[in-house]
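# Topology and contacts: notes
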Amino acid sequence: MFKKIILLFVIAALASCSSSKPAIATTKKAAAVQKPRTASTKKGVTSKPTAKYPSTNNTTEVIQSTSKTVVTSDLINNYVLQYKDIAMGNMQKYGIPASIILAQGILESGAGKGDLAIEANNHFGIKCHNDWLGESVRHDDDSSQECFRKYNEASESYRDHALFLVGKKRYAALFTYEKDDYKTWAKGLRAAGYATDPNYPDKLIGYIERYNLHQYDCQVTGKTYVAINKSASTRSSSSGSGSNSNDPNLYEVQKGDTLYSISKKFNLLVDDLKQKNNLTDNALSIGQKLRVK
């Protein structure tokens, strides 16, 4: 009898020990499950997206034509690469400098990012006029909701630009100039009434020289292209405080300039500076020449 009691006691003790082990293991397992959740939360805090900024060499500027467009130098370079062959083809066929075609395309279309370029594939700001029979769009320019030509493709706009200059009598004088004389062509376009902006020639010349567009004229004519020494040009403009060496009354806009900073440099009011240059807003382009005296 006594042995039976001891045997039952041993069995009960063993059963008690075996039932307590899973409870301990379960507790440890539950604690272990919590750790990944804690680590995951910390990872979420430290994995914030890092902002990426453009290269410091990729400068930004505002192009003001039929719309105000903010572009980068990389964007302009890509625009030139995209349309240079069309421009050279038009130079060969119609006698218009490729450099002028590309510079006008950059300026008038905001390097392809302006409202008219996106909405109507119009890269030269050409309005409908009485002889236009194609599609059109309405856009604010010199007046409200003026009629502008619309094209199916940008290449059609380039062709129509050439036909527009060739077909209008007021541009006939342009074709008496040397085919690759981009400076005379730029001034001639303004004189013939292509644009009302008095700084239009300077803007075109600025784009041609900053982006080496004259090289495409030389490819067509077979002449040797000599790149402009930009570093020498920069030193010259810095030593002259941005003034035009040929005309002390003009100032060439530098990177970082604003109407306010220029007005202070020449002891002018901003409104006086805008009036002298027929500016309707505060937008400036690098290389643009302003009358300061």
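First things first, this report covers the structure right here in the doc. (Residues numbered from 1 in each chain as written. Predicted model: local features only at pLDDT ≥ 70, side-chain atom pairs only at ≥ 80, totals over all residues. Heavy atoms only, no water.)

The subject of this paragraph is the overall build of the chain. Looking only at helices and strands, one finds 11 helices and six strands in the chain. Counting across all 293 residues of the chain, residues that qualify as buried make up 39%. Per element, the accessible surface of the chain, about 17400 Å² overall, is 54% carbon and sulfur. (Helix = DSSP H or I, 4+ residues; strand = E, 2+ residues; numbered from the N terminus. Buried < 20%, exposed > 50% of the residue type's maximum accessible area, 1.4 Å probe, protein only. Areas by Shrake-Rupley, 256 points an atom, 1.4 Å probe, with all protein chains shown as cover.)

Okay, the pairing of strand β3 (residues 136–139) next. Where burial is concerned, the two faces of β3 differ: the one with Val137 and His139 is buried and the one with Ser136 and Arg138 is not. Direction of pairing for β3 relative to strand β4 (residues 146–149): antiparallel, over a ladder of four bridges. Its bridge partner being in β4, His139 is matched across the sheet by Glu146. (Pairing = 2+ DSSP bridges.)

With that out of the way, let us pick up the pattern of salt bridges. If charged atoms from side chains of opposite charge come close, those side chains can pair. Under the defined criterion, the tally for this structure stands at nine salt bridges. Between Lys84 and Asp85 there is a salt bridge, with its nearest N and O atoms 3.3 Å apart. Between Asp197 and Lys203 there is a salt bridge, with the nearest N and O atoms lying 2.6 Å from each other. One network of salt bridges, in which partners are shared, links Asp131, Arg149, Asp160 and Lys168. (Salt bridge = Lys/Arg side-chain N within 4 Å of Asp/Glu carboxyl O.)

Counted under the stated rule, the structure contains 12 aromatic pairs. Summarising the aromatic geometry, the rings of Tyr79 and Tyr83 are spaced 4.8 Å apart at their centres and angled 50 degrees between planes, so their arrangement reads as tilted. Taken together, the residues span about one helical turn, with Tyr79 and Tyr83 both in helix α2 (residues 73–94) at a distance of four residues. Under the relative-accessibility criterion, Tyr79 is labelled buried at 3%. Taken together, the ring pairs connect Tyr79, Tyr83, Phe124 and Tyr158 into an aromatic cluster. (Phe/Tyr/Trp six-rings, centres within 6.5 Å; stacked < 30°, edge-to-face > 60°.)

With that settled, consider the packing of helix α3 (residues 98–109) against helix α8 (residues 214–221). Relative orientation of the contacting elements α3 and α8 amounts to 150 degrees, with a least axis distance of 7 Å. As α3 packs across α8, the resulting crossing turns out to be right-handed. Where α3 abuts α8, its residues Ala98, Ser99 and Leu102 lie against His214, Tyr216 and Asp217. Taken together, the residues of the contact of α3 with α8 break down into three nonpolar, two polar and one charged. (Axes fitted to C-alpha atoms, helices over the stretch in contact; angles between N-to-C directions. Left-handed = near helix turned anticlockwise from the far one by under 90°. Contact = heavy atoms within 4.5 Å. Nonpolar A, V, L, I, M, F, W, Y, C, P; charged D, E, K, R; others polar.)

It is at 8 Å that the axes of α2 and α3 come closest, and there the two elements cross at 135 degrees. With respect to α3, the element α2 is oriented oblique. At the point where α2 passes α3, the crossing takes the right-handed sense. Each of Ile76, Tyr79, Val80, Tyr83, Lys84, Ala87, Met88, Asn90 and Met91 in α2 lies in contact with α3, whose residues at this interface are Ala98, Ile101, Leu102, Gly105, Ile106 and Ser109. Across the contact of α2 with α3, the residue classes tally to 11 nonpolar, three polar and one charged. (Parallel < 35°, antiparallel > 145°, perpendicular 65-115°, else oblique.)

So, to be careful, I would describe these as geometric facts and stop short of saying anything about function.
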